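Architecture at a glance
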Amino acid sequence: MDSLPAPPVVVRSQADSEPLRALLARHGSPLLVLDPDIIRQRYQALTAALPGVKLYFAIKANPHPSVLSTLAALGSGFDIATSGEIDLLKAERVSPERCIHTHPIKRDQDIRDALRFGCTTFVVDNLSEIAKFSPYRKRVGLLLRVSFPNPDSPVDLSRKFGCTPEQVVALAEQADALGLHVKGLSFHAGSQCLSPENHQLAIARCAELMLDYNRRHERPFSILDIGGGFPVPYGVDTPTITDFCQPLRAALAALPPHFTVLAEPGRFLVAEAGTAITTVIGTAERPGGPWYYLDDGVYDLFSGRIYDHATYPLEVFSDDAKRLPSTLAGPTCDSIDVVAEQVALPPLEIGDIVVGRVMGAYTNASATDFNLFPRARVVVTESA
Ligand SMILES: Cc1ncc(COP(=O)(O)O)c(C=O)c1O
């Protein structure tokens, strides 16, 4: 935890906490409040920033049914990675034509579950995975995931998956020899990218590879999936989605008009729709300053501090002008369960609330039951 940057903290007046206290009085603490209207706004913003690009929401970012139903009503597609995610879409009556299966490593059972659902587009990244589709060759189209490492992004999604650009032609030819059609390429340029450069370079390289391949092969590539990675404001300077996507649009112009372009946004569509409301349940004076123990920590909504390397903007409510270097900790017995260390806070008391903003992505999705503290309840409201 020490290496994580301290979160930005805003101190607001006690009176400002009233609407949030009213939610806690009604639903209990801790809470994750989801605002579907913000999801709608973000979907429209990304659609406008990437005209002609079909969006497939990466369910892993937040699989809550209200998120799925909100996006389904907007006409969004869905990026699925597991049979559990398929079950969620079935419950929402989402048609399988609106889905792609993007997990590069699958068991035969995963493939059969997806095919039974009706999903026929799958991502692969090596020959062993391609071979798994041999029995289903007449029913599937494949996308080949290419790795473009992005060590500067907080979450480098090309470390674990993806073939090298140099392997693309051989893998597509090997698939072809097995009677399987590789319809296009996909990549993930890294999550929470603050610069569009990696996307831009990856698009340009994929376009070059696909156009070159199409000149020499009968079964052509015609799909490019540009993955996710679109950034949200966690308190540092973040480009607007229009500015971020402008160079991507320019790079996509290299593709012929009949190509289909897809994206798999997760974080961008849901992060700002989520607000965590937690309560101080204990206080202690320690040598470095006061510690405040919250009823939620890194094993629940703040799990993204660990897994997602995220630093959420925090809000506390006080009319006291005093500020002391303070620590906010989660409720479990584990000492890694610390949300923020040495942040300047006014004195807090048991019963005070601490709010985390931009907490709708990779928060409840990666929560655990460690220590059996109850997980935060998810409440859906249009007016959080
Ligand atoms: C295959 C795939 N697609 C899309 C996403 C969503 O990425 P982001 O939340 O950065 O938009 C992820 C994130 O892990 C992913 O693994």
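For the structure given in this document, a descriptive report is provided here. Since we're looking at a predicted model, the values are computed, not measured. (Residues numbered from 1 in each chain as written. Predicted model: local features only at pLDDT ≥ 70, side-chain atom pairs only at ≥ 80, totals over all residues. Heavy atoms only, no water.)

When its secondary structure is counted, the chain shows 11 helices and 17 strands. In terms of overall dimensions, the chain has a C-alpha envelope of 70 × 40 × 35 Å along the principal axes. Counting across all 384 residues of the chain, residues that qualify as buried make up 55%. Considering only residue pairs separated by 6 or more positions, the chain has 72% of its internal contacts joining residues 24 or more positions apart. Of the roughly 16200 Å² of accessible surface on the chain, a fraction of 53% belongs to carbon and sulfur atoms. Side chains of the chain carry 35 positive and 44 negative charges; the gap between the two charge centres is 8 Å. (Helix = DSSP H or I, 4+ residues; strand = E, 2+ residues; numbered from the N terminus. Buried < 20%, exposed > 50% of the residue type's maximum accessible area, 1.4 Å probe, protein only. Contact = heavy atoms within 4.5 Å. Areas by Shrake-Rupley, 256 points an atom, 1.4 Å probe, with all protein chains shown as cover. Lys, Arg positive; Asp, Glu negative; His and termini not counted. Charge placed at Lys NZ, Arg CZ, Asp CG, Glu CD.)

This brings us to the pattern of salt bridges. Summed over all chains, the structure comprises 19 salt bridges. A salt bridge links Asp 113 to Arg 116; the shortest N-O distance between them is 3.5 Å. Taken together, the residues Asp 113 and Arg 116, both in helix H5 (residues 108-117) and 3 residues apart, mark about one turn of the helix. Salt-bridge contacts for Glu 315 lead to Arg 357; the nearest nitrogen and oxygen are separated by 3.0 Å. Of this pair, Glu 315 sits in strand E13 (residues 314-317) while Arg 357 sits in the loop between strand E16 (353-356) and strand E17 (377-380), and the two are 42 residues apart along the sequence. Each of Arg 12, Asp 16, Glu 315 and Arg 357 takes part in one network of salt bridges that share partners. (Salt bridge = Lys/Arg side-chain N within 4 Å of Asp/Glu carboxyl O.)

Bringing unusual backbone geometry into the picture now. Looking along the chain, the bond that leaves Ser 29 and enters Pro 30 is cis, with omega of 0°. One can find Pro 30 in the loop between helix H1 (18-27) and strand E2 (31-34). You will see that His 309, though not glycine, has its phi angle at about 55°, which is positive. Relative to the assigned elements, His 309 resides in the loop between helix H11 (304-307) and E13.

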